[in-house]
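Below are the chains, spelled out letter by letter.
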Amino acid sequence: MKTAIVYYSYSGNTRKVAEILAEALKEKSSVDLIDLQALDESNSFLGQCRRAIVRKKGKIAPVKLDLSAFDLICFGTPVWAFGPAPAINAYLEQCTGLSGKEVILFTTYGSGAGKERCVNYMQDILSRKGTKSFKRFSIQQFKVKDRQLVLAEIEKGGISEKA
Ligand SMILES: Cc1cc2nc3c(=O)[nH]c(=O)nc-3n(C[C@H](O)[C@H](O)[C@H](O)COP(=O)(O)O)c2cc1C
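Residues numbered from 1 in each chain as written. Predicted model: local features only at pLDDT ≥ 70, side-chain atom pairs only at ≥ 80, totals over all residues. Heavy atoms only, no water.

(A) Fine view of the nonpolar core. Counting residues in each nonpolar core, the largest one holds 31 residues, and the members touching the most others are Leu67, Phe75, Tyr91 and Leu98. When residues of this core are traced back to their parent elements, those giving at least two are β1 (2–7), α2 (45–53), β3 (72–78), α3 (86–94), β4 (102–109) and α4 (115–127). Filtering out sequence-adjacent residues up to four positions away, Tyr91 remains in contact with Val6, Leu36, Ile60, Val63, Lys64, Leu65, Leu67 and Phe75. (Core = buried A, V, L, I, M, F, W, Y, C linked by side-chain atoms within 4.5 Å. Buried < 20%, exposed > 50% of the residue type's maximum accessible area, 1.4 Å probe, protein only. Helix = DSSP H or I, 4+ residues; strand = E, 2+ residues; numbered from the N terminus. Contact = heavy atoms within 4.5 Å.)

(B) The arrangement of the pattern of salt bridges in detail. Tallied over the full model, the rule gives eight salt bridges. A salt bridge links Arg147 to Glu23, with the shortest nitrogen-to-oxygen separation between them at 2.8 Å. A residue pair is termed long-range when its members are at least 10 positions apart, and Arg147 in helix α5 (residues 147–156) and Glu23 in helix α1 (residues 13–25) qualify at 124 residues. The salt bridge partner of Asp40 is Arg51, with a shortest N-O separation of 3.1 Å. (Salt bridge = Lys/Arg side-chain N within 4 Å of Asp/Glu carboxyl O.)

(C) Expanded view of α3. Taken across its nine residues, α3 has seven buried, putting it largely inside the fold. Buried within α3 we find Pro86, Ala87, Ile88, Asn89, Ala90, Tyr91 and Leu92. Buried residues along α3 sit against β1, α2, β3 and α4.

(D) Fine view of unusual backbone geometry. Positive phi outside glycine occurs at Arg55, with the angle close to 55°. Inspection of the secondary structure puts Arg55 in the loop between α2 and β3. In this model, Ala81 sits at a positive phi of 50°, which is unusual for a non-glycine residue. Along the chain, Ala81 turns up in the loop between β3 and α3.

Written out as structure tokens, the structure reads:
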């Protein structure tokens, strides 16, 4: 079994969750962590919100886009202005090889406003690429440092660590 975890993280929360998920899945799979690098992201909160709210596709550094070699593909993003961050929007648009694949979607968030809308938006795009099934979970930003809390949310999402 081969798993890819593709994520964007501006301030580290989503990266932390991606790493805990990777560790959990390693029991049953090899795991490639794909950390998206935004090339044109704003450094200001308002600038980031402005781009996210129009579902902007940001510029990302060259990265593996063909996911056909993986059985399970996970996508993680912070919730920005009720949606995904521009870097993950760009990746979702460009990636290939999703047909028939199992997908896990995850976010980290602050207040929780728009977290379902964010995941629904990602799920919609990926559905059009022929994915087979979705599991999803979200972690509040203050919980990401607590490994046990993150693992509990992963489990609540129906994601089992064992084969
Ligand atoms: C530009 C911006 C917009 C945000 N918008 C939302 C939002 O709409 N809803 C929410 O619950 N949290 C929102 N947050 C909080 C982030 O989702 C949260 O801090 C997240 O854990 C950051 O992840 P990261 O450290 O991986 O970048 C926003 C944060 C930023 C910087």
